[in-house]
Amino acid sequence: MSAAGAGLGAPRLRSLMPWLVLAFLVWLVGYPLLVVAAEAFGIGSPGGGGPTTEAFRSFFTRADEWNAMWRTLWISVLSTLAAAAIGVPLGFLFERNEIPGRRLLGALVALPVALPPLVGVIAFLFLYGESGLAARGLQSLGLDVSWRLTGAWAILLVHAYSMYVYFYLFTRAGLSGQDGAAIEAAQSLGASRSQILFRVTLPRLRPALAGATLLTFMTSLGSFSAPYIFGGGFRVMTTQIVASKLNGELRMAYVETTMLALLAFASLLLLRKIDPGLDLASGARGTPPARRRLHTRGARVAAAAGGWVLAGVLLLPHATLILMSLVPPNTWTVEAFPPVLGLVNYGDLLSSAERLRPALNSIWMAAAATLAAVVVGVMAARLSLRRGGVPGRALEAMMTLPWAIPGTVFALALAAAMSVNAPWVGRFVLVGTLWILPLAYLVRSLPLTGRSIFAGLRQLDPRLEEAAASLGAGPLRTVLQIVLPLLRPAVIAGAGLAFITMLGDFVTSIVLYTYDTRPISIEIQSSLRIQETGIAAAYGVLLMVLSAVAFIAWDDRAGGRL
């Protein structure tokens, strides 16, 4: 090829790059959803027979399907209200009041956000379950009490506990960005505290509360761990999908997957229509109002004691998990407190290669998916912002799409799309191989890395790249020596959240794992099933420690952005 030809090839390749990356994202994110929707109508299914709406007619005439849809909706609404009732007051308490140990207590209250959902669920099981620590303690006091942690109220309890953090963090972020001058102006006009709260503070907090509402509602809509462990006969759509798949009703599982995806889209559009300011664009910022100081020693001591009691209550499930991991097998029968504690479970876990395999699987698969999500995220965000227009908007939409779709939906969609060998239509047999779980983790990681990288790139000054180009730096050198170093905090923040989330993934793993690729979450479920509660707790603690270490390490490198 001549030099002139090579010179013409590079600009053409650059102009095609946005479309090439977009085609890859459509294949990775959108295509599996289209395949599962098509197979729900009988299009392209191995059994043939032509298009049919029979499965949809069956879905709409079955009471259990309507029940699952209705329960999914009202559980999500009540979970959001319960999380707001806990998280918003806590946000005001720690952001507007100067109490002793405020920074440490505030961090402890937010700690559940860094823990995998399954760990929180089994911690609740060990603490508040039928034969948990709380029940045994009350019975040892002579109280004839018994209960079962199952059904809707158990799911709501776990959701409220694990999701209040979204409202807590968003409320604190919203309050810290408010301008204290508006409150001072209201005070000078004679407004009372309640008037300032309802007419000044809460209206300005609306974008933050709307963002937390959306995040909590969508998380609850796709929740799987709590309904799976505590649901029993109370099924929501995510557990209904898995049950249909396990019962061999694949066509019905595809229909349920399609309906849950439509429900998620409809909920997202409705919430955005109710409050379009969901991107936390909070308008003018200024100096936040000074925190309220407690003037008497008694008030400060009481506030500190109350804060530590609150933190203790919130962290009690995880303390119970640690305690359970120290109970050797078959040593705790009827006593209120475990009579024997030791490191037997950890020794068993660490000394057996077969026991260690799930931990290593989780680490390498989460790391590989995170690395791939960062590479795809940087390419998509850079091309989207530089190109703009239709391909730019489409790239950003495809990076965001997995956030609106429950993990169960994507897991089943990937299982449907990647179980047929038809390369000419973009389908390959990956189900049952080493690669299907990292691929699923990659899809679910894209919104976490993508949103962070998009935000970071939007803050960069484009004149820096222009200056580099004027000094003779090529595109690759500019990216490596100018863009990536400046983008580092945003990349690390997104990668940290993605790694932690995938490390404890359960919802996609339970659909796509094989024995050789089983992650920690699946091993916890297996251990619980065969009554190895100590081993299950030890795995839970291991997952908790790995997540906490990753959280602290990435938070430090990201400058406290996590």
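Residue indices begin from 1 for each chain and proceed along its sequence in written order. The predicted origin of the model limits local features to residues at a pLDDT of at least 70 and limits the giving and counting of side-chain atom pairs to 80 or more, whereas totals for whole chains, interfaces and linings rest on all residues. Values shown for side chains rest on all heavy atoms present in the structure; no hydrogens or waters enter the calculation.

Asker: An account of the packing of helix α5 (residues 117–128) against helix α13 (residues 297–325) is requested, with residue identities and associated values reported.
Answerer: Working note: a packed helix pair is described by the angle between its axes plus the distance between those axes. Remark: α5 packs on α13, axes separated minimally by 8 Å, with the N-to-C direction vectors making an angle of 80°. Of the possible angle classes, the one that applies to α5 and α13 is roughly perpendicular. Residues Val-119, Gly-120, Ile-122, Ala-123, Phe-124, Phe-126, Leu-127 and Tyr-128 of α5 touch α13, and the partners they reach there are Leu-316, Pro-317, His-318, Thr-320, Leu-321 and Met-324. We call Asp, Glu, Lys and Arg charged. Ala, Val, Leu, Ile, Met, Phe, Trp, Tyr, Cys and Pro are nonpolar, and the rest, Gly among them, are polar. For the contact of α5 with α13, the residue count by class is eleven nonpolar, three polar and no charged. For helices, the axis comes from a line fit to the C-alpha atoms of the stretch in contact; other axes are also lines fit to C-alpha atoms, and the angle between any two N-to-C directions lies between 0 and 180 degrees. Numbered from the N terminus, helices here are DSSP runs of H or I no shorter than four residues, and strands are runs of E no shorter than two. Orientation is classified from the angle alone, with under 35 degrees giving roughly parallel, over 145 giving roughly antiparallel, 65 to 115 giving roughly perpendicular, and any other angle giving oblique. Whether two residues are in contact is decided by their heavy atoms, any of which lying within 4.5 Å being enough.

Asker: I'd like a description of unusual backbone geometry, backed by residues and values.
Answerer: Despite not being glycine, Asn-330 has its phi angle at roughly 60°, a positive value. The rule is simple: take the accessible area with a 1.4 Å probe, protein chains only, and divide by the maximum for that residue type; under 20% is buried, over 50% is exposed, in between is partly exposed. A relative accessible area of 79% places Asn-330 in the exposed class. You will see that Gln-531, though not glycine, has its phi angle at about 65°, which is positive. Structurally, the position occupied by Gln-531 is in the loop between α22 (520–529) and α23 (533–557). Taking the relative accessible area as the measure of exposure, Gln-531 reaches 63% and is therefore exposed.

Asker: Tell me about the environment of Leu-260, and please be specific about residues and values.
Answerer: Looking at where Leu-260 falls in the secondary structure, it is placed in helix α12 (residues 250–274). Sequence separation between Leu-260 and Gly-211 is 49 residues, and the spatial gap between their C-alpha atoms is 21 Å. Look past the residues within four positions of Leu-260 in its chain and what remains in contact with it is Leu-221, Met-237, Thr-238, Ile-241, Pro-406 and Val-409.

Asker: Can you lay out a nonpolar patch on the surface for me, pointing to particular residues and giving the numbers?
Answerer: Nonpolar side chains (Val, Leu, Ile, Met, Phe, Trp, Tyr) within 5 Å and like charges within 9 Å form the patches, drawn only from residues with over 30% relative accessible area and no salt bridge. Note that accessible areas follow from Shrake-Rupley with a 1.4 Å probe, and for residues the cover is restricted to the protein chains shown. We count a salt bridge whenever a side-chain nitrogen from Lys or Arg sits within 4 Å of a carboxyl oxygen from Asp or Glu. On the surface, Leu-13, Leu-16, Trp-19, Leu-20 and Val-390 cluster together into a nonpolar patch covering about 480 Å² of accessible area. For the nonpolar patch, the element with the highest residue contribution is helix α1 (residues 3–40), accounting for four residues. Mapped onto the elements of the fold, Val-390 is located in helix α16 (residues 389–404). Of the residues examined, Val-390 reaches a relative accessible area of 54% and is grouped as exposed.

Asker: Any details on empty space enclosed by the protein? Residues and values, ideally.
Answerer: For cavity detection a 1 Å grid was placed over the protein atoms alone, and a set of points counts as a cavity when a 1.4 Å probe fits there but cannot get out; an open set counts as a pocket when protein lies on both sides within 12 Å along at least five of seven lines, with lining residues being those that have an atom within 4 Å of a point. Grid points are joined across faces, edges and corners, and a volume is the space filled by probe spheres set on the points. Under the definition given, this model contains one cavity of 30 Å³ or more. What the largest cavity holds in volume is close to 40 Å³. For the lining of the largest cavity, the element with the highest residue contribution is helix α3 (residues 63–96), accounting for three residues. Across the lining of the largest cavity, the residue classes break down as four nonpolar, five polar and no charged.

Asker: A description of the pattern of salt bridges should follow, citing residues and the corresponding values.
Answerer: The tally for this structure, following the rule as stated, stands at 15 salt bridges. Note that Arg-62 is salt-bridged to Glu-65, the shortest N-O span being 3.4 Å. Taking relative accessible area as the criterion, Glu-65 reaches 0% and is therefore assigned buried. The residue Asp-505 makes a salt bridge to Arg-444 at a minimum N-O spacing of 2.6 Å. Separated by 61 residues along the polypeptide, Asp-505 in the loop between α20 (475–503) and α21 (509–512) and Arg-444 in helix α18 (residues 436–458) bring together distant segments of the chain.

Asker: Please give an account of the layout of surface pockets that cites residues and values.
Answerer: With a probe scaled to a water molecule rolled over the atoms, the places where space remains empty come into view. Roughly 1,000 Å³ of volume is contained in the second largest pocket. For the lining of the second largest pocket, the secondary-structure elements that each account for two or more residues are α5, α10 (225–230), α14 (344–351), α22 and α23.

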